[in-house]
Amino acid sequence: MQIEIDNGSGFCFGVTTAIKKAEEELAKGTPLYCLGDIVHNGMECERLRQMGLVTIDHDQMRQLHDVKVLLRAHGEPPETYELARKNNIEIIDATCPVVLQLQKRIKKQYEASPNGGRLEGAPQIVIFGKKGHAEVLGLVGQTKSSAIVIENFDEAKKLDFSRDIYLYSQTTKSLDEFRRIIEYIQTHITSGATFRSFDTICRSVANRMPNISQFAARHDLILFVCGRKSSNGKVLFNECMRVNPNSHLIEGPEEIDSAWLQGIQTVGICGATSTPKWLMEQCRDALQTS
């Protein structure tokens, strides 16, 4: 049985940078807190926890003073920075540069809108993203929660097409679905209303779609290694399933079912932008010893 690990899978730049910053701080021996899971992968979070990283939520951060808190790649709304100033918390900011740029663009658009888009008939700032996702909360926070979040193509149909629409996207969403939404709004926007879209999808994620399609097509069995919380992981796994129905999402080697391997000649192992290479290698090793 031949086993191949996808070279294009593994941590994206933003996640790599966040983990590197965490490791550097932990090496100093001082306590370090992280606001939310540093990456949507339980095994990597556990590895860093054993090094001393303490994961907290926003309520717990309100109780902290005079400590260091790392902000992960997803980014945070302005309120988090204000809380840090108030509690004398030193921020280790690992917000992904792509996300940071998107936050600035949305904030600029919000500040340019009359009363931040709250007046009747004011422009709508629309974000194509997962409601409640850490990155999306950070984006909506730039608009004092006035932005409209749509999760899919069908929700785009509920927008007010008589008003101006400024459309942005969470960085890890599907490029194809984003384009479908753009086309729909273009054909339904009322004459006299303005529609502008901004392609803010991260190419390090978007480019993985065609690559992972080709990879999935090459193998009899695909093991997609990914934390089940990962947003882009779901998108990439669905693409694997579309190309190769014999694909399975697993969080680690212990989830591999030996029954999947019967009659299989080639296995492809791939993952999300939140999947560490060492975890994919563990899955390969488990196959080789089974």
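Residues numbered from 1 in each chain as written. Predicted model: local features only at pLDDT ≥ 70, side-chain atom pairs only at ≥ 80, totals over all residues. Heavy atoms only, no water.

Summing up its helical and strand segments, the protein chain has twelve helices and twelve strands in all. Here the protein chain has a C-alpha radius of gyration of 21 Å; the compact-globule value for 290 residues is 19 Å, and the two agree. Projecting the C-alpha coordinates of the protein chain onto the three principal axes gives extents of approximately 65 × 50 × 25 Å. Carbon and sulfur atoms make up 48% of the accessible area of the protein chain, which amounts to about 13900 Å² in all. For the protein chain, the centre of its 34 positive side-chain charges and the centre of its 36 negative side-chain charges are spaced 5 Å apart. (Helix = DSSP H or I, 4+ residues; strand = E, 2+ residues; numbered from the N terminus. Rg over C-alpha atoms; globule rule 2.2 N^0.38 Å. Areas by Shrake-Rupley, 256 points an atom, 1.4 Å probe, with all protein chains shown as cover. Lys, Arg positive; Asp, Glu negative; His and termini not counted. Charge placed at Lys NZ, Arg CZ, Asp CG, Glu CD.)

Moving on, we get to the layout of surface pockets. In this model, the largest pocket occupies a volume close to 330 Å³. Secondary structure elements with two or more residues in the lining of the largest pocket: helix 1 (13-27), helix 5 (97-112), helix 9 (203-206) and helix 11 (231-243). If you tally residues by element for the lining of the largest pocket, the top one is helix 1, at three residues. (1 Å grid on protein atoms, 1.4 Å probe; cavity = no way out; pocket = protein on both sides within 12 Å on 5 of 7 lines; lining within 4 Å. Points joined across faces, edges and corners; volume = space filled by probe spheres on them.)

Our next topic: the sheet that holds strand 3 (residues 53-56). Hydrogen bonds along the backbone pair up the strands of a sheet, which may run parallel or antiparallel. In space, the four strands of this open sheet follow the order 3-2-4-5, with parallel pairing throughout. Sheet topology places strand 3 and strand 5 (90-93) at the edges, where each strand pairs with a single neighbour. Between one strand axis and the next, the sheet turns through 35° on average, direction left out of account. Those strands touched by helix 4 (residues 78-86) are strand 2 (32-35), strand 4 (68-71) and strand 5, and its axis lies near 145° from that of strand 5. (Pairing = 2+ DSSP bridges. Axes fitted to C-alpha atoms, helices over the stretch in contact; angles between N-to-C directions. Contact = heavy atoms within 4.5 Å.)

Following the sequence through the fold, Ser113 ends up in the loop between helix 5 and strand 6 (124-128). Under the relative-accessibility criterion, Ser113 is labelled buried at 7%. Only 3.0 Å separates the side chain of Ser113 from the backbone oxygen of Gln109, close enough to count as a polar contact. (Buried < 20%, exposed > 50% of the residue type's maximum accessible area, 1.4 Å probe, protein only. Polar contact = N/O pair within 3.5 Å; in protein donor to acceptor, adjacent residues only side chain to side chain.)

Any link to function would need more than the numbers given here.
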